[in-house]
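Spelled out from the first residue to the last, the chains are:
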Amino acid sequence: MQIELLDTFLDLAETRSFHRTAERLGITQSTVSARVAALEEAVGSRLFDRSRAGTDLTPEGRRFETHARALRHEWNEAKRRIQLPQTTAHLVRLGIQNDLAALYLGGWVAGFRRAVPDTTFYIEPDYSNQMCADLLTGILDFAVMFSPKPHPDLHFESVGEVGYHMVSTHAATLAEVTADRFVFGHFSPAFEEMHRQVTPELAAAPVSVGQSGSVVSLLMAMGGSGYVLEKTADELVAAGRASRVADAPVLRQPVYAALHIRHRIAPLHRRLRRVVFRRLAGKDGDGE
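These notes cover the structure that comes with them. (Residues numbered from 1 in each chain as written. Predicted model: local features only at pLDDT ≥ 70, side-chain atom pairs only at ≥ 80, totals over all residues. Heavy atoms only, no water.)

## A word on the overall build of the protein
- Scanning the protein from terminus to terminus reveals ten helices and eleven strands.
- Every one of the 288 residues in the protein was classed for burial, and the buried ones make up 45%.
- When contacts within the protein are restricted to residue pairs at least 6 apart in sequence, those whose partners lie at least 24 apart make up 68%.
- Roughly 14200 Å² of accessible area belongs to the protein as shown, and the carbon and sulfur atoms make up 51% of that amount. (Helix = DSSP H or I, 4+ residues; strand = E, 2+ residues; numbered from the N terminus. Buried < 20%, exposed > 50% of the residue type's maximum accessible area, 1.4 Å probe, protein only. Contact = heavy atoms within 4.5 Å. Areas by Shrake-Rupley, 256 points an atom, 1.4 Å probe, with all protein chains shown as cover.)

Below, the structure written as structure tokens:
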């Protein structure tokens, strides 16, 4: 069976639209139809009901969906496992939340290498939604993210939190911070909602970005105020480039480890989770 048939089936099961699936996969609608027909012939059952009201899975299609996800995951796992370097026992593809990569990636990977020295790591900074999708398809093995996207095939575990502090190039107190000179951070949907609740007067800021490093770049170029990661705030204050806004609330962003449910109790993945947890908790050792 061609893996493209499974990819098309799973995408169509999500979109319920031949047109949308064709757009997402970069193929024609007729190709989508042909792939679905070929898969239905292979499994011996109709998988979708098509009508003017739309496209929906048949009972057989719903039962097949779980198996299709497992088959695709195992296919990607198999391809990776046979491509390991000769001196490597494991290959782990890591996804790291973009906003955490610059400050935490080095310490985490150093801890990973000590915990599992016979492992090769491929690392991809990204955003939560894409990392969840990549975990489902087997492109990623393990991810550290802000926004879990619940799915029966994914497992999420809280590993700590990071703090964001408001800094400014000119304001000492919150009363001096104005929306027209504020950079609004939308680091995650939960963070953005919390930000709007505690500082509603700043939600009308003319510039909004999704990374702490981008906030710094904008503040250094234009001046103003904004939330940045606590470690970044410490560095800016120590260098005299900005000061903390003394009475601004500290915003806390939860951090999660994410992996495919198949790896939930795997020793290697438990070690990775432990390293992330201990580093976020400020502990020097990686522990066992």
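Text resumes after the structure shown.
## Section: the pattern of salt bridges
- On inspection of all chains with the given rule, the structure shows twelve salt bridges.
- The shortest N-O distance in the salt bridge between R24 and E14 comes to 3.4 Å. Here R24 is found in helix α2 (residues 18–25), whereas its partner E14 is found in helix α1 (residues 3–15), with ten residues between them in sequence.
- Among the ionic contacts, a cluster of salt bridges with common partners joins D11, E14 and R24. (Salt bridge = Lys/Arg side-chain N within 4 Å of Asp/Glu carboxyl O.)

## Some thoughts on the packing of α2 against helix α3 (residues 29–43)
- At their nearest, the axes of α2 and α3 sit 8 Å apart, and the two run at 105° to each other. Accordingly, the angle class assigned to the pair α2 and α3 is roughly perpendicular. Between α2 and α3, the residues in contact are F18, H19, T21, A22 and L25 and Q29, V32, S33, R35 and V36, respectively.
- Grouping the constituent residues of the contact of α2 with α3 by class yields five nonpolar, four polar and one charged. (Axes fitted to C-alpha atoms, helices over the stretch in contact; angles between N-to-C directions. Parallel < 35°, antiparallel > 145°, perpendicular 65-115°, else oblique. Nonpolar A, V, L, I, M, F, W, Y, C, P; charged D, E, K, R; others polar.)

## As for the layout of surface pockets
- Estimated volume of the largest pocket: approximately 530 Å³.
- Around the largest pocket, the lining is made up of 22 residues, and of these E14, R24, A133, L136 and T137 lie nearest the centre.
- In terms of residues, the lining of the largest pocket owes the most to one element, helix α6 (residues 128–137), which gives seven residues.
- When the residues that make up the lining of the largest pocket are grouped by side-chain class, the tally is nine nonpolar, four polar and nine charged.
- Looking at the second largest pocket, its volume works out to about 200 Å³.
- Taken together, 13 residues line the second largest pocket, and the ones lying closest to its centre are Y104, V162, K231, R279 and L280.
- At four residues, the largest contribution of residues to the lining of the second largest pocket is made by helix α5 (residues 98–115).
- In terms of residue class, the lining of the second largest pocket is made up of five nonpolar, two polar and six charged. (1 Å grid on protein atoms, 1.4 Å probe; cavity = no way out; pocket = protein on both sides within 12 Å on 5 of 7 lines; lining within 4 Å. Points joined across faces, edges and corners; volume = space filled by probe spheres on them.)

## Remarks on the packing of aromatic side chains
- Within the structure shown, the criterion is met by nine aromatic pairs.
- For the pair F9 and F64, a centre-to-centre distance of 5.1 Å together with 70° between the ring planes defines the contact as edge-to-face. Here the residue F9 occupies a position in helix α1, and F64 occupies one in helix α4 (residues 59–81), the gap between them amounting to 55 residues.
- Given the relative accessible area of 1%, F9 is considered buried.
- With a centroid separation of 4.5 Å and an interplanar angle of 15°, the aromatic rings of Y164 and F187 are classed as stacked. Highlighted residues: Y164 in strand β6 (residues 154–168) and F187 in the loop between β7 (182–185) and α7 (189–198), separated in sequence by 23 residues.
- Feature note: the residues Y164, F187, F191 and Y227 constitute an aromatic cluster, connected by ring pairs.
- Residue placement shows R93 over the ring face of Y122; its charged tip is 4.9 Å from the ring centre. (Phe/Tyr/Trp six-rings, centres within 6.5 Å; stacked < 30°, edge-to-face > 60°. Lys NZ or Arg CZ within 6 Å of the ring centre and 35° of its normal.)

## Quick word on the environment of G106
- Within the secondary structure, G106 sits in helix α5.
- Assessed through its relative accessible area of 52%, G106 is described here as exposed.

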